[in-house]
Structure formats: structure tokens, C-alpha cells
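If you want the building blocks of each chain, they are given just below.
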Number of protein chains: 2
Amino acid sequence: MPWDMPRFRNWIAVAKVHVLVEKAMAAGLAPLQLKLPHYDILANVYRFSGLTQQELADRMLVGRSNLSMLLPELERRGLVKRVPDSEDRRVRRLSLTAEGRMLTLRALKVQVQVIENMMAALSAAECEALGDYMRRVGHHMLANPLSADSAV
Amino acid sequence: MPWDMPRFRNWIAVAKVHVLVEKAMAAGLAPLQLKLPHYDILANVYRFSGLTQQELADRMLVGRSNLSMLLPELERRGLVKRVPDSEDRRVRRLSLTAEGRMLTLRALKVQVQVIENMMAALSAAECEALGDYMRRVGHHMLANPLSADSAV
DNA sequence: TTGATTTTGTTCAAGGCTGAACAATATAGT
DNA sequence: ACTATATTGTTCAGCCTTGAACAAAATCAA
């Protein structure tokens, strides 16, 4: 059976850690009145100020309709600004307000803490190897998507 | 900034791969008229036939209310059976129908394919190391949850 | 210049997920 | 035997995510 196969089990281990990290993040962000998707937006906009909604959706690997639902809430809370582009009237460019930046820094501390707690189980070399493997896997998957007719 | 820190970036790489795998899985399961959560249920019930809804929720790391929403749909499709326990009248035990088992085997092939495609970027030793790291990290996180007052 | 195509963001409906509240049932303690 | 507490599964409201459809705007091709 698949779950007897090493590769399968190794991936299940990865998936389980991912769930644990998301739960830890959710718990850590709750005092800041932030949900994970909101934080994801804030962190990306902090880091790439001025990006468009489509660019943000690409980075977060979500649909742009999702952002059309989430962004107005962050805007209403005074954390994000959406400004029409000077050249392309379809486009809105995103940036954080001063309050948004402050909140993002606090939330980043939460994320760093969760990640540090997690990685405490690994040596520096192991952690680095993990990152190497995952980056390589990510590139491989983007370069070699499974075709739709090859599954079943 | 956090994204300049190796550990942070290494985790981001893991998170990104997780998203890519979920998207590949979703695409691969679509022809079977299955969503990821449904497949997750089927695979777990296939493997641990007779488990309770609470046990399934624990394994899947989701709330039992979620399963109360999802299971009736799988039952309605004739894939899952929910049988009252012989001793504890609160409990329902889950098993797959013959059709449910067949569909699960087909879906497992999809998952194996996605995982094989993914792991093709790694040597066998690297893949094994990845699993070791993640299992260790998982145990560490379960043993050392962040306290609620330590984040902010 | 014009028409076709693509891109961007919004709206919509559907569905998955959470956590609280609840009822029924089991277990624990006195 | 009785009361208190815990457990199991369901319902509910709220919210995140998807994909389709749409309008406005930009780009492309002839």
C-alpha cells in the first residue's frame, strides 16, 4: 500500500508538519486579531510594496477573487492602502499604512517564533539541507507539472 | 528582516511546495469528482476501517464539526458507511463501501503520482533525510507547543 | 483605425473549515 | 444512587477559497 512506501510517508510527514505550523501560527496571530490569510497579505505587501493585486495573488498562490474579498477588510481596518496605478487604469497598487507596518512586524515576530521553535529540532546543516531539498522540489514541480491526462 | 534568515526561508520553501502539491492533488482528483478533504477522509477510513469520527478528526487534524458536514455527502454518494457503535451510543464507526474502496485506490494512485513526480527531484537518501527531519520536527512541535503568552 | 484578444479586479454562488453551543450519552466521584 | 464532568456528534454563524461570469481597460494583429 502507498503508506508503506518511504516517499509517500516522507511526504505525509511534511504535510503533517505544515498543518501543525498553520495551527501554531493561527494561535499566535489570534491576539493580534489576525487570521493567516490576512497576515500573508500584510507580509507580502510589506516586503513588496507597490505590487498589484494580480502580482500578490501570484505570490500567495491564490485566486485574485479571494484577494478582492480580503483586501477591503484590511483597507477598512486601516492597515492597507489600494492606490490606482498612474498608467494602467485597471490596476491598483498595494502598500501598508504605518499601522499596517507595525502590526506586520509584530506578526512577523510570531512567525519567526513558530519557525524557530519548529527548527529547534534540527541542526543548522539539517535545516539548510531541508531548504535546499524543498527549493529544488519546488522548481522541479513548476518545471514539470503533471499533465491532466496522466493521473487516471 | 525575517525573510533574510535561512530558517525562515527554508520554511517558506516547505510551505510553497505544500501549496504546489495541494494544487497538483486537486487537479489530479478532479476527474474522480473528489476534493482533497473528501479524499483525505476516504484514504484514512480505508486504512483505519472502523474508526470513530473523533478519531478521524484527530488523524486529519480537523474539527469534528467539519466531518459532520463532509461525511453525509460521502455517505450520500455511497462511498462511506456510518454505523452506530455496539457499545457506546454516542459513537458512529466509519467504513468504506466496495465502491468507496475502488475510488480510494484510484485516488491513491493520483497521490502516489504527485508524490513520485515531486520526489523525482531528490535522491533516495535526500528523500529519506527529508522524512527524518519532518518526523522529528513534528514530534518536537507536538511535545513543545508554544504557549499562548509567549508570542506577543 | 478597427476588431479581436488578453488582462485586471469585482461579484457571485458554492463549498470547506473553524469554534461555540447544544443534546445525548458515558465516565468519574462521592 | 446520585451529581458533576467529560465525550461524541450535530447544528449554526461567520469566513476563506475557488472558479465562472462580467465590465473596463490594455494590448495585439490586420
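Per chain, the residues get numbers from 1 upward, laid out in the order the sequence is written. Lettering of chains starts at A and numbering of ligands starts at 1, both following the order in which they are written. Thresholds applied to this predicted model are a pLDDT of at least 70 for local features of residues and 80 or more for the giving and counting of side-chain atom pairs; totals over whole chains, interfaces and linings are not thresholded and use all residues. Side-chain metrics in this entry use all non-hydrogen atoms of the structure; hydrogen atoms and water are not considered.

**Student:** Give me the overall build of chain A: which residues, what numbers.
**Tutor:** What counts as a helix is a DSSP run of H or I of at least four residues, what counts as a strand is a run of E of at least two, and both are numbered from the N terminus. In terms of regular secondary structure, chain A is built from six helices and two strands. The secondary structure elements of chain A, listed N-terminal to C-terminal, are α-α-α-α-β-β-α-α. For chain A, the C-alpha atoms occupy an extent of roughly 55 × 40 × 25 Å along the three principal directions. Considering chain A as a whole, with its 152 residues, one finds that 45% of them fall into the buried category. In what follows, residue pairs with any heavy atoms lying within 4.5 Å of each other are defined as contacts. Of all intrachain contacts in chain A linking residues separated by at least 6 positions in sequence, the fraction that spans at least 24 positions is 48%. Method for areas: the Shrake-Rupley scheme with a 1.4 Å probe, in which residue coverage is limited to the protein chains shown. When the accessible surface of chain A is summed, it comes to about 8,000 Å², and 53% of that surface belongs to carbon and sulfur atoms. Neither His nor the chain ends is counted toward charge; the positive residues are Lys and Arg and the negative residues Asp and Glu. Note that the charge is assigned to NZ on lysines, CZ on arginines, CG on aspartates and CD on glutamates. With 21 positive and 16 negative side-chain charges, chain A shows a separation of 5 Å between the mean positions of the two kinds. Only protein chains enter the area calculation, which uses a 1.4 Å probe; residues under 20% of their type maximum are buried, those over 50% are exposed, and those in between are partly exposed.

**Student:** Now, about the packing of aromatic side chains: what can you tell me, with residues and values included?
**Tutor:** In this analysis, rings of Phe, Tyr and Trp, with Trp reduced to its six-membered ring, are considered paired at centre separations within 6.5 Å, and the interplanar angle assigns stacked below 30 degrees, edge-to-face beyond 60, and tilted for intermediate values. For the coordinates displayed, the defined rule picks out two aromatic pairs over all chains. Centre to centre, the rings of Trp3 of chain A and Tyr46 of chain B are 6.0 Å apart; their planes meet at 55 degrees, and the pair counts as tilted. Taken as a pair, Trp3 of chain A in the segment before α1 (6-29) and Tyr46 of chain B in helix α2 (residues 36-47) lie in two separate chains rather than in one. Only when the NZ of Lys or the CZ of Arg is both within 6 Å of the ring centre and within 35 degrees of the ring normal is a charge said to sit over the ring. Across the ring face of Phe48 of chain A, the terminal group of Arg59 of chain A is positioned such that the distance to the ring centre comes to 3.6 Å.

**Student:** Give me unusual backbone geometry: which residues, what numbers.
**Tutor:** Here Gln33 of chain B, not a glycine, exhibits a phi torsion of approximately 60 degrees, which is positive. Residue placement: Gln33 of chain B occurs in the loop between α1 (6-29) and α2.

**Student:** Break down the protein's contact with DNA strand C for me, citing the residues and quoting the values.
**Tutor:** Whether a residue is near a molecule or strand depends on its heavy atoms: it is near if one of them lies within 4 Å of it. Close contacts around DNA strand C come from 23 residues, with Gln54, Arg64, Ser65, Ser68 and Arg90 of chain A the closest. Counting only atoms of DNA strand C within 4 Å of the protein, the sugar-phosphate share comes to 63%. For this analysis, a polar contact is any N or O atom pair within 3.5 Å, provided that within protein one partner can donate a hydrogen and the other can accept it, and provided that sequence-adjacent residues contribute only side-chain to side-chain pairs. Note that a phosphate oxygen of DNA strand C is positioned 2.9 Å from one of the side-chain N or O atoms of Arg82 of chain A. Contacts to DNA strand C include His38 of chain B, whose side-chain N or O atom sits 3.4 Å from a phosphate oxygen. For the surface near DNA strand C, the elements supplying multiple residues, two or more each, are α3 (53-60) and α4 (64-76) of chain A together with α2 and α4 (64-76) of chain B.

Geometry only, nothing functional implied.
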